[in-house]
Amino acid sequence: MQRIGVFVCWCGSNIAGTVDVEAVSNALKNEPGVVFSTNYQYMCSQAGQDLIINAVKEHNLTGIVVCSCSPRMHEATFRKTAQAAGLNPYMVEIANIREQCSWIHKDMALGTEKAIILGKAAVAKVNLNAPLTPGESPVTKRALVIGGGIAGIQTALDIADAGYEVDIVETKPTIGGKMAQLDKTFPTLDCAACILTPKMVDVAQNDKIRIFSYSEVCDIKGFVGNFDVEIKKKARYVKEDICTGCGLCTEKCPQKNVPNEFNLGMDNRRAIYIPFAQAVPKVATIDPNTCNMLKNGKCGVCAKVCTANAIDYTQKDEIIHEKYGAIVAATGFNPISMDKFDEYAYSQSKDVITSLEFERLTNAAGPSQGHLVRPSDGEHPHTIVFVQCVGSRCASCSEKGKEYCSKICCMYTAKHAMLTRDKYPDTEVYVFYIDVRTPGKSFDEFYRRAVEEYGVHYIKGMVGKVSPEGKKLIVQGSDLIADKQLKIEADLVVLAAAIEPDKSARPLATMLTASMDTNDFFTEAHPKLRPVESPTAGVFLSGTCQGPKDIPETVSQASAAAAKVIGLLSKDKLKGNPCIANANELMCNGCSSCEKVCPYGAITYVEKEFRMPDRTTMIRRVASVNEAVCQGCGACTVACPSGAMDLKGFTSEQIIAEVDAICK
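Quantities reported herein were computed from a predicted structural model and do not represent experimental measurements. (Residues numbered from 1 in each chain as written. Predicted model: local features only at pLDDT ≥ 70, side-chain atom pairs only at ≥ 80, totals over all residues. Heavy atoms only, no water.)

### A look at the sheet that holds strand E17 (residues 318-324)
1) Next: Reading across the sheet, the three strands line up as E11-E12-E17 and stay open at both edges, with antiparallel pairing between neighbours. Since the sheet does not close on itself, it has two edges, and those belong to strand E11 (215-223) and E17, each with one partner. The mean angle between the axes of side-by-side strands here comes to 20 degrees, regardless of whether they run parallel or antiparallel.
2) Next: Pairing of strand E12 (residues 226-233) with E17 involves seven bridges; the strand directions are antiparallel. Bridge pairing in E17 links Ile231 to Ile320. (Pairing = 2+ DSSP bridges. Helix = DSSP H or I, 4+ residues; strand = E, 2+ residues; numbered from the N terminus. Axes fitted to C-alpha atoms, helices over the stretch in contact; angles between N-to-C directions.)

### Description of the sheet that holds strand E23 (residues 457-460)
1) Next: Across the sheet, which stays open at both edges, the five strands sit in the order E20-E27-E21-E22-E23 with parallel pairing between neighbours. For this open sheet the edge positions go to strand E20 (352-354) and E23, each flanked by a neighbour on one side alone. Going from strand to strand, the sheet's axes swing by 25 degrees on average, the running direction of each strand aside.
2) Next: Summarising the sheet, strand E21 (residues 383-390) and strand E22 (residues 428-433) pair through five bridges and their orientation is parallel. Note on E22: the bridge partner recorded for Ile384 is Val429.
3) Next: Helix H11 (residues 355-362) rests against E20, E21 and strand E27 (492-497) of the sheet, and its axis sits at about 95 degrees to E20. (Contact = heavy atoms within 4.5 Å.)

### Observations regarding helix H1 (residues 21-28)
1) Next: Those residues of H1 that fall on the buried side of the exposure criterion are Val21, Val24, Ser25 and Leu28. Buried residues of H1, viewed axially, fall in a sector of 95 degrees; they line one side.
2) Next: The secondary structure elements touched by the buried residues of H1 are strand E1 (4-9), strand E2 (34-40), strand E3 (63-68) and helix H5 (108-128). (Buried < 20%, exposed > 50% of the residue type's maximum accessible area, 1.4 Å probe, protein only. Arc of directions from axis to C-beta.)

### Things to note about helix H15 (residues 551-569)
1) Next: Taking 1.5 Å as the rise per residue, H15 with 19 residues should run 27 Å; its terminal C-alpha atoms sit 27 Å apart, in good agreement.
2) Next: Taken as a whole, H15 has its buried residues at Thr554, Gln557, Ala558, Ala561, Ala562, Val565, Leu568 and Leu569. Buried residues of H15, viewed axially, fall in a sector of 145 degrees; they line one side.
3) Next: The backbone nitrogen of Glu553 lies 2.9 Å from a side-chain oxygen of the residue at the head of H15, namely Asp550. (Expected span 1.5 Å × (residues − 1). Polar contact = N/O pair within 3.5 Å; in protein donor to acceptor, adjacent residues only side chain to side chain.)

Put into structure tokens, the structure is as follows:
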């Protein structure tokens, strides 16, 4: 029988407010194996931990039950406390009486009764616990960053500055992401390219960083410290090590009516192209869907004019296999499609554009060389209407929009309005908004400048319809403050489209076995204590793949993710989770059920020789668990029809003991 100590935490008034902690500690004194039971106001504090250490030594405790908050919060804390007292850290069990009792029950009697039951279950489990020892695995001292936007760039630079090798995989032909498409950044109104381009160059010149542009991750196997990654490097049909980026081929290519993705289809590019002047790597790429030479073998102009002989029409996609110790997801975002918002006439008029298209219109490197013009006829617009929250905060229209706030729209619309009024004082600017959300440093002052200094007309209300009539766009909306309906004749309408995770996020999460929320944003391990870590060990989150963010917040999170990666790569060996699957070979019938359900690929089957009772031998097929790969999820234990598979620390016997304790 174990000698168990029970420690009930008040958690200030979080638990003690609706649970009688004294009654809980007294009730658990009488449970089998319990030799000591007490309660304290803050068990996770230094004084509380000292109380546990002293009790272990004084009462010769062999197991500990802490009735407190979620094990996600402080299980590691109390395991370290037990270890400091000389106990095996896996002889600690947490009974969650905060989230599962005090936070959901207002009635103290009911909350106290449930807390006692949960405490009894934890005691029953500790009585059957056995000391566990984590295994060790080496660490591959190289990191992978998936996504080459500002988040991926900052993460890679910070990791490389610490002396570790890092690879960036970017699906586009160049790194830079969405920030490369911006003109100015709020709230300082400095040039986006002036900030981003030096960092892109730093990445290219850093000997610790490799850029796999125009590439994608195809497969990820392995575990923290030892990931095996398959990268597909798509054929550019241009030799990267030879191309000088002179641009002569892009000038001479006869196929020049291809919509330019970088300018969001607002102008055209050639079949061979460099996305923008500051692209990194500055290497031409041939679009196989539009190149006449690749499609029908007729043309070859780019090969003829290339002085470096860099064109190679025979180039094939290349599969690269690499090992990494840590992976950072930085897949970024995209504006949502406007197809479902036809009330704004986006598909009916070229003069209804999104905010990102407006960025390209006002950018000196954009389709109109920075001149604000109407896309339909190239004339200067004199009345511009900005519509906020298009697709954001759509609680009643979630089938076509998003329920969340996209966070950056209020600020970039204020930026657009301010810059328009500054450069074109003859322009009238209207902004229809639901609420103005400006929570960042200097953000509210920035918005107030747009209203007070630049005379932007902010109208609290929603736009119901935009109707093209001749050269004008009739905007019908409501002014809730003035309590009237408005009809504005606009020359240009700009829609602040909601942002959503990049489409590559969902398949990547599947490969990483990482968690996602209902909106396909990556889920962090803990929203407060582990905001840049995925629940999957060794996988970290950077930028808008985790949720809507502006540039400063993205860069901050990128550096935080890099710090976590550096901390991981600095270790020579990692201790694994000892709560892993274990196969009873005598019971295993070799059916492969556990192998099929294992999401980590930790289970294989081996042929093994067994001695029979009659002294003969038999070759049987049995399950074998790779302890370094197993994450202790327990899926195999549920699937095993013969009951041969069990989980150390969570055996069937222990779980049944908990159930029995609850049902008494």
